[in-house]
Amino acid sequence: MRKSIRPPQTIGILGGGQLGRMLALKAREMGYQIVTLDPTPQSPCGQVADKQIVSDYNSLSGAGQLAACSDVVTYEFENISADLALELESHSYLPQGYQLLYTTQNRLREKVAIQQAGIAVAPYRQVLNSQELLRAVEELGLPVVLKTAEGGYDGKGQFVLKTSMQLDQALAIVQDITQQWVVEKFIPFAKELSVIVARNIAGEIEAFPVGENIHQQNILHLTLVPARVDEILAKRAQEIAIQLAQKFSLVGLLAVELFLTQDGDLLVNELAPRPHNSGHYTRQACETCQFEQHIRAICNLPLAKPKILHPTIMVNVLGKHLPEVTAAVSGWDSDWKLHVYGKAEGKPLRKMGHVNILTDNMDKTLVAIRKTGIWEMEGIE
Ligand SMILES: Nc1ncnc2c1ncn2[C@@H]1O[C@H](COP(=O)(O)OP(=O)(O)O)[C@@H](O)[C@H]1O
Ligand SMILES: [Mg+2]
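A brief structural summary. Nothing here was measured: the structure is a model prediction, and the numbers come from that model. (Residues numbered from 1 in each chain as written. Chains lettered and ligands numbered in written order. Predicted model: local features only at pLDDT ≥ 70, side-chain atom pairs only at ≥ 80, totals over all residues. Heavy atoms only, no water.)

1. With respect to the sheet that holds strand β6 (residues 144-148)
For step 1, the next point in the chain: The strand order β5-β8-β6-β7 describes an open sheet built from 4 strands, whose pairing is antiparallel. Both edges of this open sheet fall to β5 (124-127) and β7 (158-161), since each of them pairs with a single strand only. Shown here is a sheet whose adjacent strand axes are inclined to one another by a mean of 20°, direction ignored.
For step 2, the next point in the chain: The pairing of β6 with β7 spans 4 bridges and is classified as antiparallel. (Pairing = 2+ DSSP bridges. Helix = DSSP H or I, 4+ residues; strand = E, 2+ residues; numbered from the N terminus. Axes fitted to C-alpha atoms, helices over the stretch in contact; angles between N-to-C directions.)

2. Quick word on empty space enclosed by the protein
Picture a little ball the size of a water molecule; that probe, rolled over the atoms, points out where space is still empty.
For step 1, the next point in the chain: Counted under the stated rule, the structure contains 1 cavity of 30 Å³ or more.
For step 2, the next point in the chain: Approximately 80 Å³ is the volume attributed to the largest cavity.
For step 3, the next point in the chain: Elements supplying a minimum of two residues to the lining of the largest cavity: β12 (219-225) and β15 (312-318).
For step 4, the next point in the chain: Examining the composition of the lining of the largest cavity, we find that 3 residues originate from one element, β12, more than from any other. (1 Å grid on protein atoms, 1.4 Å probe; cavity = no way out; pocket = protein on both sides within 12 Å on 5 of 7 lines; lining within 4 Å. Points joined across faces, edges and corners; volume = space filled by probe spheres on them.)

3. Overview of the sheet that holds strand β3 (residues 51-54)
For step 1, the next point in the chain: Read from one edge to the other, the open sheet built from 4 strands follows the order β3-β2-β1-β4, with strand pairing classed as parallel. This sheet does not close on itself; its edge strands, each paired only once, are β3 and β4 (72-75). Taken pair by pair, the neighbouring strands of this sheet meet at an average axis angle of 20°, ignoring direction.
For step 2, the next point in the chain: Strand direction decides the pairing type here: strand β1 (residues 10-14) and β4, joined by 4 bridges, are parallel. Paired with Ile13 across the strands is Thr74, a residue of β4.

4. What about the coordination of the magnesium ion (ligand 2)?
For step 1, the next point in the chain: Around the magnesium ion (ligand 2), the protein contributes the donor atoms Glu257 (OE), Glu257 (OE) and Glu270 (OE), at 2.0 to 2.6 Å from the metal centre. Placement of Glu257 in strand β13 (residues 252-260) and of Glu270 in strand β14 (residues 266-272) is noted, with a sequence separation of 13 residues between them.
For step 2, the next point in the chain: Looking at Glu257, the relative accessible area reads 11%, which means it is buried.
For step 3, the next point in the chain: On the accessibility criterion, Glu270 (23% relative accessible area) is partly exposed. (Donors = N, O, S within 2.8 Å, 3.2 Å for Na, K, Ca; no water. Buried < 20%, exposed > 50% of the residue type's maximum accessible area, 1.4 Å probe, protein only.)

Laid out in structure tokens, this is it:
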């Protein structure tokens, strides 16, 4: 069995965003040294790491430098090339491997893998041109969601097609031959849920409590934990995540986004083989947070039982919210825990931080969030 990575050995993190930062903060607390790679100097992770290599994500020499000074390498950034992963796998220790990353980089490969693991997804078709889009819509029926197979996040590269006029407009979009597309049936979900599951090299598996996610403009807005669903359903969601972790021989974390349909079925929407925004609640709500669990998994330490200590609502702070949030924070109750990522540039829809709110009453806390006047809370109950 592979030996453990122990403090003060060095963890290399490919990508210097907020996920890397929160990983690094936790890893430092545990006594590890951190080196990160990111093109932007003083990146959110670089600010708290021992060292930052300033390099493009896909530079082989940058990856080589990261490998040379790391005892174990992990990533917080998903769109790395096969060449780069090969470089990391051959010159460093990358226990997560490249296979699952490769699978989840492409929505079509991801959906096939989920189905092969015996788990349901929304009906979908691959689309390469306008004829295929027309045929797919004929088979699936409107409304549908058209998504780029690769590179999309926070709703980027996505179009909801409800009318035949919108379909006509989309016909031109899919003629772009540099893109592969997936079209899937629009699911009028009752709720969106997510489960973060961890598996270590020794094969231990642990799933975090189920989160209930509310998106705005396709960007995560709120995560409520525990999700307001019955226990049997929550258990089913966790079992789906565990089944995927087993089938994929996961090492590290896997975030599983799900739709709960009006009929009570669970469909997997998408996967992320890394810490996830919908798991930020774990920093306050759980005895062990997602970042510690990820470090435990890749360093081959025993996994923690992710016990929930306190119901929590996580609210994302985007660029458009940050000035008001920082102005208001001095008036907030101490149960409202603000986390800010240290990003230099605050574009309106960029994730800049989050607030974890410990709560004994979700309804009252939702009203309190609304009363701040900072976030749009229309229709949220
Ligand atoms: N088939 C679908 N039916 C209904 N809503 C969808 C569908 N696909 C995506 N959405 C909505 O858009 C959000 C973002 O889509 P997702 O596929 O998770 O892409 P990403 O998070 O990578 O941008 C989802 O969380 C959900 O709210
Ligand atoms: Mg998503």
